[in-house]
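# Breakdown of the fold
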Amino acid sequence: MKTITYSEHEQCFIKVVEPDQITQNVVVILIHGGYWRMEKTLETVADAQSFFVEAGYIVCNVEYRRGPENPWPIPSNDVKEAIKKIKVCFPNYHYALIGHSVGGQLALLNAESSDYVIALAPVTDLIYTRDMRLGDEAVQEYFAEEINDSVLVSASPISQLPLKADAALIIHGANDVRVDIKTTIDYFQENLKNKNNIELLILPEMAHQDIIHPDETHFSYLLNWLDTIV
């Protein structure tokens, strides 16, 4: 494993792992979630990184600034800069963004910088997330109670459609209590009005945090999807 920095800030780094034998022409770019809180780091998707490396992918695990001291749009801008750095380090590949929860939000918002996007239980509608007080009132905590709705709209992937990627896969558990499946269905249907580049897989039972565990069966589906779409 090696660490690449993409900014002078201490939280702006990428952990890169290359397989002994690179068999895929796609660089996987992981973006962790955590509802913009400092407690969750890129280590939450470390097992997923190992999974894709074993499958022959170069995998870049992105850390980015978050927490109230790093207000929006710093997290999204950091991810954009990280992707630019990855493309410089690994040119002539395809690029797949894989994000979980808020990492899914950041992946969808930065889709135009990649070829493919895989979003696991993504946050797509911040107005809804605020109004329903999801994620232990994560929107209120990070964006502050008095934030203007226009900021939340600009940070919501559902307001940035159609999705600017060649293809995308969204996987979400129907029983997820941290991110409501309704927002994912709404996002999928809204995108369909202008573009048919998203596949949606709804799992009957899949807790929000369990969806990033590579021993779950949907990771095999995810790998097959990548193999087919490239």
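So, a few notes on the structure that sits alongside this text. (Residues numbered from 1 in each chain as written. Predicted model: local features only at pLDDT ≥ 70, side-chain atom pairs only at ≥ 80, totals over all residues. Heavy atoms only, no water.)

### Quick word on the overall build of the chain
Counting its secondary structure elements, the chain contains eight helices and eight strands. When each of the 230 residues of the chain is scored for burial, the buried share is 55%. For the chain, contacts bridging at least 24 residues in sequence account for 72% of all contacts bridging at least 6. Summing over all exposed atoms, the chain offers an accessible surface of approximately 10000 Å²; the carbon and sulfur share of this is 48%. (Helix = DSSP H or I, 4+ residues; strand = E, 2+ residues; numbered from the N terminus. Buried < 20%, exposed > 50% of the residue type's maximum accessible area, 1.4 Å probe, protein only. Contact = heavy atoms within 4.5 Å. Areas by Shrake-Rupley, 256 points an atom, 1.4 Å probe, with all protein chains shown as cover.)

### Considering helix H8 (residues 218-229)
Relative to the 16 Å expected for 12 residues at 1.5 Å per residue, H8 spans 16 Å between its end C-alpha atoms, a close match to the ideal helical length. Listing the buried residues of H8 in full gives His218, Phe219, Leu222, Leu223, Trp225 and Leu226. Summarising the axial view, the buried residues of H8 lie within an arc of 160 degrees, below the 170-degree limit, and thus occupy one face. Residues of H8 that are buried sit in contact with helix H1 (46-54), strand S5 (94-100), strand S6 (116-120), strand S7 (167-173) and strand S8 (198-203). (Expected span 1.5 Å × (residues − 1). Arc of directions from axis to C-beta.)

### Let's talk about the nonpolar core
Core analysis: the largest hydrophobic core is formed by 48 residues, its most contacted members being Ile14, Trp36, Ile86 and Phe143. Grouped together as the second largest cluster of nonpolar side chains are 29 residues, Val17, Ala167, Met206 and Trp225 included. (Core = buried A, V, L, I, M, F, W, Y, C linked by side-chain atoms within 4.5 Å.)

### Re the pattern of salt bridges
By the definition in use, this model includes 12 salt bridges. Residue Glu141 is joined to Arg37 by a salt bridge in which the shortest nitrogen-to-oxygen separation is 2.9 Å. Of this pair, Glu141 sits in helix H5 (residues 134-143) while Arg37 sits in the loop between strand S3 (26-31) and H1, placing them 104 residues apart in sequence. Here Arg37 falls in the buried class, since its relative accessible area comes to 14%. A salt bridge links Asp131 to Arg130; the nearest nitrogen and oxygen atoms lie 2.9 Å apart. A network of salt bridges, in which partner residues are shared, links Arg130, Asp131 and Asp149. (Salt bridge = Lys/Arg side-chain N within 4 Å of Asp/Glu carboxyl O.)

### Focus: the pairing of S6
Counting buried residues along S6, five of its five residues qualify, which places the element largely inside the surrounding structure. With burial as the criterion, each face of S6 is covered, one bearing Tyr116, Ile118 and Leu120 and the other bearing Val117 and Ala119. Direction of pairing for S5 relative to S6: parallel, over a ladder of five bridges. Along S6, the bridge assignment pairs Ala96 with Tyr116. As for the winding sense of the linkage, the β-α-β connection from S5 through helix H3 (residues 102-109) to S6 is right-handed. With five bridges joining them, S6 and S7 adopt parallel strand pairing. Directly across from Val117, in S7, lies its bridge partner Ala168. (Pairing = 2+ DSSP bridges. Right-handed = clockwise from strand over helix to strand, strands pointing away.)

### Quick look at the sheet that holds S8
In spatial order, the strands read S1-S2-S4-S3-S5-S6-S7-S8; together these eight strands make up an open sheet with mixed pairing. At either margin of the open sheet sits one strand with a lone partner, and together these are strand S1 (2-5) and S8. Across this sheet, the average inter-strand angle for adjacent strands is 20 degrees, counted without regard to direction. Two elements, strand S2 (residues 13-17) and strand S4 (residues 58-62), share four bridges in a ladder whose sense is antiparallel. Pairing of Val16 across the sheet is with Cys60, part of S4. Contacts from helix H2 (residues 74-89) reach S1, S2, S3, S4 and S5 within the one sheet, and its direction differs from that of S3 by about 155 degrees. Across the sheet, H3 touches S3, S5 and S6, and the angle it forms with S5 is around 145 degrees. (Axes fitted to C-alpha atoms, helices over the stretch in contact; angles between N-to-C directions.)

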